Amino acid sequence: MQTASPPAAIEMREISKRFGPTVANDRVSFDARWGEVHALVGENGAGKSTLMSILAGLYRPDSGTLAVDGQPVRFRSPSDAIAHGIGMVYQHFMLVDTFTVAENVILGERGGRGLVETAGVERKLAEISQRYGLGVDPAARVWQLSVGEQQRVEIVRLLYLGARILVFDEPTAVLTPQESDALIRTLREMAAQGFAIVFISHKLDEVLAVADRVTVMRRGRTVGTTTPAESDRRALARLMVGRDLAALVEHPDEEPRADGDVGEVVLRLTGLCADGENGLQALAVDRLEVRAGRTLGVAGVAGNGQRELAETITGLRRATRGTVEILGRDATNRPAAEIAALGVAHVPEDRLATGLVGGMDLSANAILRDYRAAPIARGPFLVPRAVAEFTDRLIHEHRVAAPGRDAKARTLSGGNQQKLLIGRELAGSPRLIVAVHPTRGVDVGAIEAIHAQLRQQQARGAATLLISEDLDELVALADDIAVLFEGRVMGVVPARRADREQIGLMMAGVAADAPAERSAAHG
Amino acid sequence: MAEAGAGWRIERVPAPSRTASILVPIASVLLALVAGAILIRVAGRNPAEVYRAMLAGSLGDRNGLAETLVKTTPLLLAGLGVAVAFRMQLWNIGAEGQLYFGAIFATWVALFLMPGAPGWVMVPAMAVAGLVGGAFWAFFPGALRAFLNVNETITSLLLNYVAILYAEYLVHGPWKDPQAFGFPGTKQFPDAAALPHWGTTRVHLGLVFGLVAAAVVWFLLRRTRWGYEISVMGENARAARYAGMPTKRTIVLVMMLSGALAGLAGMSEVAGIAHQLQRNFSPGYGYTAIIVAWLGRLHPVGITVVAFLLAALLVGGDQIQMTMSLPAAVAPMLQGIILFFVLGGEVLLRYRLVRTSPAPAASGEAA
C-alpha cells in the first residue's frame, strides 16, 4: 500500500521529546496527506503543541524522524520548516504590534534585499487575502486589529511565504460561529486545492465537520486515528479524556426560570461610550442591565467592543460618556481597586498578559486581589502563613494541577492557569462577575469545571456578564444574550430560545427586529 | 534541500538550576583570572605573584580587609538602591548623581544648618539629609516617567552630570573653604559630624547603615504589601493595573527610595571618610552599583556579597598598583576582565549552545 500511494505531505515517525522529567511526546507517529484536513485533538498537555512545535522547527525531537513529501528532513529552526512549506498559525500570534501587516510579512522573509519594497508586498497580500476571502488590509497596524483579524493576517502571511502545509493551533478558539464556519470553508477549499492542513482543536463538533481524518492524543501518545464517518463526538471525547464528560453530551436543558424571580439590578450601563486602542470610539452601549442571579451573555465578532466593555466596567479604561452603575452606586471611571472592592470579579481576556503574573509564584498570583486586607495583610505587612494557607486552599479547592505554591504561574498549563485565576476571582463571593472568554484555549476537563463554577455563582445570586465568542457556551450559561456589533448592542435575545441564525445576523450588523414587522406596525 | 549538516545553535534555558547559578559565576571568575594571567605574563610579570598581592592587599590582612569594608559600604547602599528600582523595571542609572545629592544635603546640615549640634543629633540629621537629598534628585526622573512617560534611563543618567557639576560648583564657589589655598573642597565638618569608626581603621558606621538597609529592603520586598506591589508592577504592569495598584505613585516613590539609598551612600562617604565635600569624592560608586545590583540578582543577600567582592577587587587593584609598581592601567584592566567574564557567564547561564547533529535515521537520503 505504501509503495502505491504518493508520499504523504508530512510523516512523523516515533517522535519522542522530553522536557526534564516530563515526557511530552512518547514515540508519536503522525502523518498528513496532500489534499486532506487532518485534525489533531487532545486535552491540554496531551502533547499536541509539542508535536507541532517539532514540525515547525521550534523544538528538535530527542528521537524519531520527520519527512516532508517523502524526503527525510531535519529542521534546525522555524525558517527551515517554512522553507519546506510548513506554516504554523499559533494561538498566540507571532506578530509585531507596531508594524503594519505588510511589514510583519517582510519581517518573516529570509534574505531580504535590504531595502524593502512595501507596495509590492501589499499588493500581493491583498491578492492572497482576496483569493481566500480573508479580508486583510495589508496597510493596517497589527495593534489595531482584533484577535480574529490577526489570525487572518497569520494565514495570509504563511500563504505569502509559500506554505503548502498549514498547521492551525486551535484556530477557532478566537472566532465567532460565522467566522469559524468561514474558516472551515476556507480550510476545505484549501485542502481541495491540494494543501495539507493540520487542525488542532478541542471542539469536537468542528473537528467532525472539517476533518478527513482525526488523530487523538492523550498524555504524550497517540491513542488512535479515525475518520468522522466512523466516529462521533462522544467516542472522540472518550478517547481524549479516557472518560465520559457530562457537559459534552448535551448542554443541560434546564427549565427557564420564572420571569418574576428576578433579583436587583447589579450592573446598569447607560449611554456608555469608550475609545479603543486606536483612539476611535469603540463602545457605545445605550442601556444594558444585569440582575442578581442572572447571566447576561455578550456575543459578537472579536474586536466589536467586547474588550472595551469589560475594561470600562472594571475601571481599566476611561468611559468617555455615560455611566456605569454597580449595585446602585455610580462607578463610572472609578479606580480599578475601588470597583473590585464593590464586589466585582474580572476574568480578563488574556490571562497571562493581564490576569496573572507569569514570572511570579502561585502564592503571589493567588493574593493579587486580596493582598490588601486581613487575613493576608496585617497593616502594611503580608502574613506569610496566611498567604500560604490561602494559596493552598485555592489550589486544592479548584484542583489546580501544580507542583506547589512556589511554582511560577507561567509553568502551569493554560487550563490550570485559568482555574487558579477564576478561583481567585470567585474567592470573595463577588456580586458581579465580568468574565471574558473564560474557557478560551483550555481543555474540556477545565471547561467543565469552569462552567460548573459559573453556574454555582449564578445560583448563589451573583450577576454575571459573560463575554464569549463560543455561542454554545453562551447558550449553556446565559439567560439572555446581547449581541455587540461595532460597539453597539444590536439586540438582546433570551438564550433558551436563541436563534443562531438571528444572532449571526446581528453579529454581522443586521438589527434584531425583522424589518417586515416594523413596517407592518407603521403601515 | 535539507540542511542536514552539524552546527551550533543558541537556545534559551527555561530556568537555570540552582547549582548552575552558583557554579557558573565561580567558573567565570576562574576563567577571568586565567585570561588576566595571560595578559600579566605578556606584560612581563608573574601572574601568581600579582594575584597573591591582590588577595593579600584586599583580604589578607586587617588593613586590607578594613579598606575592602570601607569600599563595600557605598557599593552596598547604592547597589540596594539600584536594585529596588530595577525590581520594578525602572532603569535608574542615576545612582551616582543621587549619591552626590545625598552628600550635598548632608554637607549642608553639617556646615550650615546646625554646625554646633552634638553628635547624637548631627549624625541622624545628616543621615536623614542624605536620604532626602538622594530622593529629591531621583524624584525628577521618577515623576517625569510616571506622569509624562519620559524615559527614566536617559533623564537619570543626564542628571548625574548635573549633580556632579553642581557639587563642583559648590566646592569651587559658595561653599569653598577660604583657607584651602585653592584646593577645591568645603571646610572640614565639625567633629560631631564624623561617623564613629571601628578602632583605628577607616571602617565606619556607614557599613552598619548598609547592612541594616539590606535587611530592610529584603523585608520590604518579601513581607510588605508595598514590596509585593513593586514586584508585581515589575513583572507585569498590566496585571498591576488590573489589580488596581497605584502605578504612577509607586513609580515616583520607588525612584525616590532608590535615590534615598544612594543618597545615604553619599552621606556616609562624606561623613565617614572625607569629612568634607570634595569634588569627585566618588570614583563612580553609583555606576559600579549597577553592576553590583545585577550580579547580586537584585537580591539583598546577593548584593551584599557582590558588593564585598567587588570592593575587594577595587582594593586589590589599588594595592598592586602601589606595591608592585605595575602600570596604572593593569588594575582596572583586571577588573574589566573579571566583570566581562562574570557578565558573560550570566548570559551563558540563560542561554546554551546546542549542537545540532544529523539524526541518524534521517541523514541517509537527505539531498
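Here the structure is a predicted model, which means the values were calculated and not measured.

Caption draft 1: Highlighting the overall build of chain B. When helices and strands are counted, chain B shows 14 helices and two strands. Expressed as lengths along the three principal axes of its C-alpha atoms, the size of chain B is roughly 90 × 60 × 35 Å. Counting across all 367 residues of chain B, residues that qualify as buried make up 45%. Pairs at least 24 apart in sequence give 78% of the contacts found in chain B among residues at least 6 apart.

Caption draft 2: Broad picture of the packing of helix α5 (residues 119-148) of chain B against helix α6 (residues 152-172) of chain B. All names here are of chain B. The contact between α5 and α6 brings their axes to 9 Å, and the two run at 155 degrees. As the angle between them shows, α5 and α6 are arranged roughly antiparallel. Along this stretch, α5 crosses α6, giving a crossing that reads as right-handed. Only Glu152, Thr155, Ser156, Leu159 and Ala163 of α6 make contact with α5, whose side of the interface consists of Trp137, Phe140, Pro141, Gly142, Leu144 and Arg145. Across the contact of α5 with α6, the residue classes tally to six nonpolar, three polar and two charged.

Caption draft 3: Inspection of the pairing of strand β20 (residues 463-467) of chain A at higher detail. Residues and elements named next belong to chain A. Of all five residues in β20, five are buried; the element is thus mostly enclosed. Sheet analysis places strand β13 (residues 295-299) next to β20, joined by four bridges and oriented parallel. In the strand pairing of β20, Leu296 is matched with Leu465. With five bridges connecting them, strand β19 (residues 432-436) and β20 associate as parallel partners.

Caption draft 4: Representation of the sheet that holds strand β3 (residues 37-41) of chain A in the model. All names here are of chain A. Within the open sheet, the six strands sit side by side as β6-β7-β8-β3-β9-β10. Their pairing is mixed. The strands lining the two open edges of the sheet, one partner per strand, are β6 (86-89) and β10 (221-226). If you compare each strand with its neighbour and ignore which way they point, the axes differ by 20 degrees on average. Judged from the five bridges that link them, strand β9 (residues 213-218) and β10 form a sheet pairing that is antiparallel. Looking across to β10, one finds that Val216 is bridged to Gly224. Here helix α5 (residues 147-160) sits on the sheet and contacts β6 and β7 (165-169); the angle it forms with β6, its principal contact strand, is near 175 degrees. Packing against the sheet, helix α6 (residues 177-192) makes contact with β3 and β8 (196-201), and its axis sits at approximately 150 degrees to β8.

Caption draft 5: The arrangement of the sheet that holds strand β4 (residues 63-68) of chain A in detail. Residues and elements named next belong to chain A. Read from one edge of the open sheet, four strands run β2-β1-β4-β5, paired in antiparallel fashion. The sheet is open, and its two borders are formed by β2 (22-32) and β5 (71-73), each paired with just one other strand. Each strand axis lies, on average, 30 degrees off the axis of its neighbour in the sheet, ignoring direction. Each of β1 (10-19) and β2 touches helix α1 (residues 48-55); the most contacted strand, β1, lies at about 115 degrees to it.

Caption draft 6: Looking closely at α5(A). Residues and elements named next belong to chain A. Over its 14 residues, α5 extends 20 Å from the first C-alpha to the last, a length consistent with the 20 Å expected when each residue adds 1.5 Å. Most of α5 is tucked away, with 14 of its 14 residues classed as buried. Among the residues trailing α5, Gly162 stands out with phi positive, at a value near 90 degrees.

Caption draft 7: Main features of the nonpolar core. Counting residues in each nonpolar core, the largest one holds 249 residues, and the members touching the most others are Val483(A), Ala78(B), Met126(B) and Leu261(B). Among the elements that take part in this core, helix α10 (residues 247-274) of chain B stands out by supplying 14 residues, more than any other. Setting aside residues no more than four positions away along its own chain, Val483(A) makes contact with Ala299(A), Gly300(A), Val489(A), Met490(A), Gly491(A), Ile503(A), Met506(A) and Met507(A).

Caption draft 8: Fine view of the confidence of the model for chain A. Residues and elements named next belong to chain A. Mean pLDDT over chain A: 84, with 88% of residues reaching 70 or higher. Long-range and interchain partners of residues 244-260, a stretch whose pLDDT sits below 50, account for 15 contacts in this model, where long-range means more than four residues apart. Note that residues 514-523 has pLDDT below 50 and, in this model, one contact with residues that lie over four places away or in other chains.

Caption draft 9: Representation of the environment of Asp480(A) in the model. Tracing the backbone through its elements, the reader meets Asp480(A) in strand β21 (residues 480-485). Linking Asp480(A) and Val290(A), residues 190 residues apart in sequence, is a C-alpha distance of 9.5 Å.

Caption draft 10: Inspection of the environment of Tyr285(B) at higher detail. Residue and element names in this part refer to chain B. You can see Tyr285 is positioned in helix α11 (residues 285-295). Classification of Tyr285 as buried rests on a count of 27 C-beta atoms within 10 Å. C-alpha separation for the pair Tyr285 and Leu65, spaced 220 residues apart in sequence, amounts to 18 Å. Each residue touching Tyr285, except ones within four places of it in the same chain, is listed here: Pro74, Leu75, Ala78, Leu99 and Ala265.

Caption draft 11: Fine view of helix α15 (residues 414-426) of chain A. Residue and element names in this part refer to chain A. Taking 1.5 Å as the rise per residue, α15 with 13 residues should run 18 Å; its terminal C-alpha atoms sit 18 Å apart, in good agreement. When you tally the buried positions in α15, you get 12 out of 13 residues, the bulk of the element. Elements in contact with the buried residues of α15: β16 (344-347), α12 (351-355), α13 (362-366), α14 (384-397) and α16 (444-460).

Caption draft 12: Seen up close, the packing of helix α1 (residues 18-42) of chain B against helix α2 (residues 47-60) of chain B. Residues and elements named next belong to chain B. As a packed pair, α1 and α2 sit with axes 9 Å apart at the nearest point and diverge in direction by 120 degrees. Viewed along their axes, α1 and α2 adopt a mutual orientation that is oblique. Relative to α2, α1 is oriented so that their crossing is right-handed. Note on element contacts: α2 touches α1 through Pro47, Val50 and Tyr51, opposite Leu33, Ala37, Ile40 and Arg41.

Caption draft 13: Region of interest: the pairing of β1(A). Alignment of β1(A) against β4(A), held across five bridges, turns out to be antiparallel. Within β4(A), the residue paired with Glu11(A) across the bridge is Ala67(A).

What counts, and where the lines are drawn
Residues numbered from 1 in each chain as written. Chains lettered and ligands numbered in written order. Predicted model: local features only at pLDDT ≥ 70, side-chain atom pairs only at ≥ 80, totals over all residues. Helix = DSSP H or I, 4+ residues; strand = E, 2+ residues; numbered from the N terminus. Buried ≥ 20, exposed ≤ 12 C-beta atoms within 10 Å, placed from the backbone. Contact = placed C-beta atoms within 7 Å. Axes fitted to C-alpha atoms, helices over the stretch in contact; angles between N-to-C directions. Parallel < 35°, antiparallel > 145°, perpendicular 65-115°, else oblique. Left-handed = near helix turned anticlockwise from the far one by under 90°. Nonpolar A, V, L, I, M, F, W, Y, C, P; charged D, E, K, R; others polar. Pairing = 2+ DSSP bridges. Expected span 1.5 Å × (residues − 1). Core = buried A, V, L, I, M, F, W, Y, C linked by C-beta atoms within 7 Å. pLDDT = per-residue confidence, 0-100.

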